[in-house]
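Architecture and fold: a report
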Amino acid sequence: MLDYMIYILAFAVGSILGLLYSYKKHGEPYVAVPDFNVPSAVVSIVGWCLTFNAGNVILSAVGFLLGGLIMGERPGYGRKETALGLILAVGLYVLLKLTA
């Protein structure tokens, strides 16, 4: 039960940090950003891969923090990067489970 509380807390902190970061970076209220942000994609991929594949409470919590950082940005920012990170993490999880 404590594990889930750590995960929820890490995700909430990551979401708040992502929101603060996106407010600092962009002043517009809502913009559907057409370009792909590579650093955010890397953070999202690493975060979601750690979340699904770590097998360790601390590394999974770090993964939730990084995933929440990108997912918690303002509307219109980070949606493509989050989707890519989730797709790759789930694909890696399935691949690892099929080979084991």
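Everything in this summary refers to the structure shown in the same document.

Rules used in this analysis
Residues numbered from 1 in each chain as written. Predicted model: local features only at pLDDT ≥ 70, side-chain atom pairs only at ≥ 80, totals over all residues. Heavy atoms only, no water. Helix = DSSP H or I, 4+ residues; strand = E, 2+ residues; numbered from the N terminus. Contact = heavy atoms within 4.5 Å. Patch = residues over 30% accessible without salt bridge, like charges linked within 9 Å, V, L, I, M, F, W, Y side chains within 5 Å. Areas by Shrake-Rupley, 256 points an atom, 1.4 Å probe, with all protein chains shown as cover. Salt bridge = Lys/Arg side-chain N within 4 Å of Asp/Glu carboxyl O. Buried < 20%, exposed > 50% of the residue type's maximum accessible area, 1.4 Å probe, protein only. Expected span 1.5 Å × (residues − 1).

**As for the environment of Gly78**
- Here Gly78 is to be found in the loop between α3 (57-71) and α4 (79-99).
- Placed 56 residues apart in sequence, Gly78 and Ser22 show a C-alpha to C-alpha distance of 9.4 Å.
- Each residue touching Gly78, except ones within four places of it in the same chain, is listed here: Ile70 and Glu73.

**Overview of a nonpolar patch on the surface**
- Taken together, the side chains of Leu9, Val13, Ile16, Leu17 and Leu20 define a hydrophobic patch exposed on the protein surface, amounting to about 470 Å² of accessible area.
- Considering the arrangement of structural elements, one finds Leu17 in helix α1 (residues 2-25).
- Leu17 gets classed as partly exposed once you look at its relative accessible area, which sits at 43%.

**Quick notes on α1**
- The terminal C-alpha atoms of α1 lie 34 Å apart, and with 24 residues this matches the ideal 34 Å at 1.5 Å per residue to within 8%.
- Among the residues making up α1, those that are buried are Tyr7, Ala10, Gly14, Ser15, Gly18 and Ser22.
- Where the residues of α1 are buried, they touch α3.

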